[in-house]
Amino acid sequence: MASGVLYVVSIMQKKFHLTFLFFIILFSANLHAQETVQGNSPLKIEGEKVDYLLDKGFVIAIDKAAIEYKDIKIFADRLEIDVNKEEVKAIGNVYYVKDKNTVKAKYLFYNLKDDKGYITDIIEGYFPPWYWKGKRIDILSENEFILSRGSFTTCYEKHPHYHLSCSSATLNLEDKAIARNVLFYIDGLPIFYFPYYYTYMKHVPYGLVNWVGSSEEKGFMDLAHYNWYVNDDFRGRVYLDYEKNLGWGEGFDVDLKTEHGKNYIYGYYMDENEDFYDQENITRYGGTAEGNEKYKRWKGIFKHRQEWEGDLTSIIKIEKFSDENFNKDFYFEEMNKGVDSFALSRAPENYFSLEQVKPNYNSILYVNGALNDFEQLIERKPSVSFSTREQKIEGLPLNYKIDANYSDLEEVFPEDENVDGDTKVQRWDILGKVSSPHKINDWLVSEPYLTLEGTGYSESLEGDEVFRSTESVGWNFRTKLVKPYGDVQHIFQPQIGYYYRPEPSIPRDDLIRLDPIDRITSQNGFFVEFVNRLKVPQQGGAEEYLPSQEYDDFYHRENEAQKEILASTIRSYEKTYREPFNLRILSNYSLEEHKWDYVFVENTIIPITGLSLISDATYTPEIDQFQIINSTLGLSKWEKVGGSLGVSYYRDESLCQGNGSIWFNFPSNMAIQLVTTYDFDNDFVRSNGVYINKSLHCWTAELQWNRYKNTRDEQYTSEIFFTLSITEAPGFKIPLSRNLTPAANGR
């Protein structure tokens, strides 16, 4: 049968460039396969001299020869193309290029039909981020290679600071590289031997991560974990820690993603050295169990989230600890594993929830319990709730909202506490709200409302079933005033509202009070709120939608669909703005007690990009004192220097402290950050820290030093860590000595 092959051959001879388009027609059954391959992917051949030996089925390009096929380019002094066998031979100064992957060698053989071949006498290769050499590389497919007698590094110097050699390596550009009989060299000196080593080609977490440091309290510390990785949906870590004065700790975690779900499992265990607690000035809290069990410290976590049909989402969360002090005692170790500070400061969470979210309503089934014997919480076994969005009543100028809930409640206490009194009740509650938002004179939004609430209890403090009813009325007024000054907008949004609720049919003192629903009492007062802000155009910003009161007001928010249509319209026309000034003041006045309950103020000032002052405060006029004050001044305007200065005050916790931080970026590729925390109430420095990051060509070195204590009379505890890692392969950490080691790279 006849087969046709189309070639585009560009012939470059001296400075004369001539392009030929011709057909080579060969009447042979042997050429049937090449019609499929080359008919869809024509070859582009270039050279100072190109000879086509049509009778033999050869094309030969000489001097500055190049061939392009699919996404592969081959350059050489001489190229020989066998049209019949669909084979390419490259000889002399060979370059094999595929995307960002390149190989420089002396000889190449490649089969275009099978995408297979080999390269010998390799001078150098680059598969980002790895530079490598080898005796021979076999090409198994477009993305698979086998390297024989090779070496590789991420250091691009002619004489690299480090490299690894291997007897053979299998490389998959879409997955990982696996090397065998690996020697690790630093400046030509062999340091380690690995019978087997693998690295992922796409910068996923992998390899051994090792912290080594020293603590005055814990002594020498070596905190290590190994990142294992199957794919993006299945990965995890194995932990092995050693703390000289405490002992060994072991653990693991697993991340598993399915098509519609996510799972996380974590476990950690340490059998502490009981002699540790015989030291003086120990700040560690220790376990709370009896006998030797108090030294067996452990933690287990399981999380599962699943998406179901019908807009359903289920969540299971289990957190079980050996004792209530685990997170406090292992705070540093847990932070090192990537756990955030909030999760380490809150109580354990154990619950199951099933939630359905619809455009106009949502419903939730929730069950929680105390799995740890030191917990105090309100158990809900179960709680079922249904809530509608605020939406318009068809044909009437009214909006409505309904909330309904059933709960089986019980307050549980730690095992060592004996609590008298009623702590268990079944309760159902339903609340209905009707409002009538409308505009007055096209500038003022008026919204009167009425709520009715009924609550049933399986028993009261007297032991009888009871039903409590209550109602409330209110009237809110709000507006938005905009004054333009050129491109600058001054926006003032005042709001005031009156509310009244008489005493419920059953006083709260007669009920088993477990949550805010049970504590409802009479109210008579009003609130005021003022928002004062400036908006200026963001330089260089693309058009972007910013929420505004015009579309958020109830008078035209009939449903979520209409809201989104209007939002899309505004998004099309509104520019990107930033707010250099935003002040919000909120206060509440009780007409029953004739006093202001509180004044809340929050303020954000960003006069220029990179400079900000963010503050909030809660003030109680009755006692003429602030309850909470937080303020932070941040500077990140310049590339070389920045920092922050903040103060925090919490009256109920008798805490007043200042926080400071300053960082520098030096031209020598070094960054330094200094941090400190000062306790104003007790007049002492709670903590100091120094963090240094230095780029050492293909290495990154990090030094961390911390000193801290919790009370004025304690001795300071100091900890120091040193990190050395390969910049382009942060999962591969090199422990240098007893006091020098890499820091964890997290996930």
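Scroll up to find the structure this text is about.
First, a word on what this report is: a plain description of the structure on this page. (Residues numbered from 1 in each chain as written. Predicted model: local features only at pLDDT ≥ 70, side-chain atom pairs only at ≥ 80, totals over all residues. Heavy atoms only, no water.)

**Details of the nonpolar core**
Ranked by internal contacts, the top residues of the largest apolar core, which has 46 residues, are Leu79, Tyr96 and Ile119. Discounting chain neighbours no more than four positions away, the residues touching tyrosine 96 are Ile72, Lys73, Ile74, Asn101, Thr102, Val103, Leu108, Ile119, Ile139 and Phe145. (Core = buried A, V, L, I, M, F, W, Y, C linked by side-chain atoms within 4.5 Å. Buried < 20%, exposed > 50% of the residue type's maximum accessible area, 1.4 Å probe, protein only. Contact = heavy atoms within 4.5 Å.)

**Structural notes on the side chain of threonine 153**
For threonine 153, the location among the structural elements is in strand S11 (residues 144-153). For threonine 153, a relative accessible area of 6% gives the class buried. Within the structure, the side chain of threonine 153 is placed 2.7 Å from the backbone oxygen of tyrosine 162, a separation counted as a polar contact. With residues near it in sequence (within four places) discarded, threonine 153 still touches Pro129, Trp130, Tyr131, Pro160, Tyr162 and His163. (Helix = DSSP H or I, 4+ residues; strand = E, 2+ residues; numbered from the N terminus. Polar contact = N/O pair within 3.5 Å; in protein donor to acceptor, adjacent residues only side chain to side chain.)

**A short note on the pattern of salt bridges**
Across all of its chains, the model carries 34 salt bridges by this definition. As a salt-bridge pair, aspartate 329 and arginine 297 come within 2.9 Å of each other at their nearest N and O atoms. One end of the pair, aspartate 329, is in helix H2 (residues 326-329); the other, arginine 297, is in strand S20 (residues 296-308), and 32 residues separate them in sequence. The exposure class of aspartate 329 is buried, given its relative accessible area of 5%. Residue arginine 380 is joined to aspartate 515 by a salt bridge in which the shortest nitrogen-to-oxygen separation is 3.3 Å. Separated by 135 residues along the polypeptide, arginine 380 in strand S24 (residues 377-388) and aspartate 515 in the loop between strand S32 (488-501) and strand S33 (523-537) bring together distant segments of the chain. If you follow the salt bridges from partner to partner, you end up with Glu272, Arg284, Arg297, Asp323 and Asp329 in one network. (Salt bridge = Lys/Arg side-chain N within 4 Å of Asp/Glu carboxyl O.)

**Side note on the pairing of strand S31 (residues 481-485)**
Here S31 runs beside S32; their pairing, made up of five bridges, is antiparallel. In the sheet register, tyrosine 485 faces S32, and the bridge partner there is valine 488. Hairpin connection, S31 to S32: the antiparallel pair is bridged by two residues, and glycine 486 has positive phi, about 70 degrees. (Pairing = 2+ DSSP bridges.)

**Some words on the environment of leucine 183**
As for its placement among the helices and strands, leucine 183 is situated in strand S13 (residues 176-186). Spatially, the C-alpha atoms of leucine 183 and leucine 164 are 5.5 Å apart, while their sequence positions differ by 19 residues. In contact with leucine 183, not counting residues within four places along its chain, are His163, Leu164, Ser165, Phe192 and Tyr193.

**Notes on the packing of aromatic side chains**
For the structure shown, the criterion picks out 28 aromatic pairs. For the pair tyrosine 268 and phenylalanine 330, a centre-to-centre distance of 6.0 Å together with 70 degrees between the ring planes defines the contact as edge-to-face. Highlighted residues: tyrosine 268 in strand S19 (residues 261-271) and phenylalanine 330 in the loop between H2 and helix H3 (331-336), separated in sequence by 62 residues. Summarising the burial analysis for this pair, tyrosine 268 and phenylalanine 330 share the class buried. Here the aromatic rings of phenylalanine 526 and tryptophan 596 are separated by 5.7 Å at their centres, their planes lie at 85 degrees, and the arrangement is edge-to-face. Taken together, the residues phenylalanine 526 in strand S33 and tryptophan 596 in strand S35 (residues 595-608) connect sequence positions 70 residues apart. Taken together through their ring pairs, the aromatic side chains of Tyr162, Phe184, Phe192 and Phe194 make up a single cluster. (Phe/Tyr/Trp six-rings, centres within 6.5 Å; stacked < 30°, edge-to-face > 60°.)

Nothing here speaks to function; it is geometry throughout.
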